[in-house]
Amino acid sequence: MTHLRDIEAQVLEGGEAITAEQALPLIALPDAELPDLVALAHRVRVHYCGEAVEVESLISAKTGGCPEDCAFCSQSARFPSPIQVHPFLPAKQVLASAKSSEELGATQFCIVVAVRGPDRALLDQVLEATAAIRRETSLDVHCSLGILTRDQARELSQSGVARYNHNLETARSYFPQIVSTHTWEERAETCRLVREEGMELCSGGIFGMGESWQQRVEFASELRELGPVEIPLNFLNPRPGTPLGDRPLLPPLEAIRICALFRLFFPRETVRYSGGRELVLRDLQALGLLAGVNALVIGNYLTTTGRAPEDDLRMLDDLGMPRAQGHRPASVPLP
Ligand code: SF4
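For the structure given in this document, a descriptive report is provided here. The shown structure was predicted, so the numbers you read here are calculated from the model rather than taken from an experiment.

Basis of the calculations
Residues numbered from 1 in each chain as written. Predicted model: local features only at pLDDT ≥ 70, side-chain atom pairs only at ≥ 80, totals over all residues. Heavy atoms only, no water. Salt bridge = Lys/Arg side-chain N within 4 Å of Asp/Glu carboxyl O. Helix = DSSP H or I, 4+ residues; strand = E, 2+ residues; numbered from the N terminus. Buried < 20%, exposed > 50% of the residue type's maximum accessible area, 1.4 Å probe, protein only. Expected span 1.5 Å × (residues − 1). Contact = heavy atoms within 4.5 Å. Near = heavy atom within 4 Å. Nonpolar A, V, L, I, M, F, W, Y, C, P; charged D, E, K, R; others polar.

Here the focus is the pattern of salt bridges. Per the counting criterion, the structure on display carries 26 salt bridges. A salt bridge links glutamate 230 to arginine 163, with the nearest nitrogen and oxygen atoms 2.4 Å apart. With glutamate 230 in strand E7 (residues 230–235) and arginine 163 in strand E4 (residues 163–165), this pair connects stretches of sequence that are 67 residues apart. You'll find glutamate 230 and arginine 163 in the same group, each marked buried. Between aspartate 312 and arginine 277 there is a salt bridge, with the nearest N and O atoms lying 2.7 Å from each other. Of this pair, aspartate 312 sits in helix H13 (residues 309–319) while arginine 277 sits in helix H11 (residues 277–281); the two residues are 35 residues apart in sequence, bridging distant segments of the chain. Connected through salt bridges with shared partners, the residues Glu54, Glu56, Arg163, Glu200, Glu230 and Arg272 form a single ionic network.

Structure follows, in structure tokens:
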């Protein structure tokens, strides 16, 4: 408890996030004291971010057939995972999906494609869909297109893409166990380019892939150096056919501890519930929103289904948490 009181003073009064050293005793805190950690994470979230929760929806605009070998991913062409592969959807279809997300209550919409990085043709398709969404909805447009060149990052930024998602996935020390076709440093470099070219960076990872607690702390520290405004927390949903297809699910309280820990590492940033929460947290999903999480992906994920958006929106109502409004950057004129 003394450690928690010291951390509370440091984060809430001093405005300073926790260090890796300070995180280690929090990992060792007995489950009986987890509610104290959860309560502190919630106070920090409300103090710096307020009560509102950001609601985002995403579309897998191009699914499957990816040449990379990320061990958790059913979209890799190297694994025999049973998914519906499709090329980039027509812009009209992406726009229709964005409009229905907006009607459901989302203020952010993310276009995601399964590639190592975009080629010219794919980038043009993304830019066409982005322009249509910006013209016909009030959604903030985010993209996740893999590894970028500087010119590509600049083009996306100048086209009004507010935020770019590129997850680091896991700690640098564990990354080679998960991916062999590209390096952690290549991912980090795209994260840097995104910010240098004027987009907000969204970068997080997946938990439950066999990484240790120390590696989760390492990961949080490495991520912080890249300056993301948003950190998506995914919990592994082991997909058939992938090398991680047989991994056990994370225990729910372990996932809650991860949420709280990341809030203390990122007091002012958006910490988003992403894939796997329904499966891993089950009845404890609301608890994560009281443990530092302040954003949700609603609807379906890339290759797995989420629960009904209405259930998530009711959960926010039940918790008395309003939905955040969008914040489209004013500097980029509409097409
Ligand atoms: S995570 Fe992305 S880069 Fe890796 S295999 Fe899946 S789609 Fe490809």
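The first and last C-alpha atoms of helix H5 (residues 120–136) sit 24 Å apart over 17 residues, in line with the 24 Å expected at 1.5 Å per residue. When we look at burial in H5, the residues that qualify are Leu122, Leu123, Val126, Leu127, Ala129, Thr130, Ala131, Ala132, Ile133 and Arg134. Residues of H5 that are buried sit in contact with helix H4 (91–104), strand E2 (108–113), strand E3 (140–144) and helix H6 (150–158).

Turning next to the site of the ligand. Inspection of the region around the ligand gives Cys66, Glu68, Cys70, Phe72, Cys73, Ser76, Ala114 and Val115 as its neighbouring residues. A class-by-class count of the residues in the shell around the ligand yields six nonpolar, one polar and one charged.

Before going further, it helps to spend a moment on unusual backbone geometry. Within the chain, glutamate 169 stands out as a residue other than glycine whose phi angle is a positive 75°. Along the chain, glutamate 169 turns up in the loop between E4 and helix H7 (175–178). In this structure, arginine 282 takes a positive phi of about 45° despite not being glycine. Relative to the assigned elements, arginine 282 resides in the loop between H11 and helix H12 (285–289).

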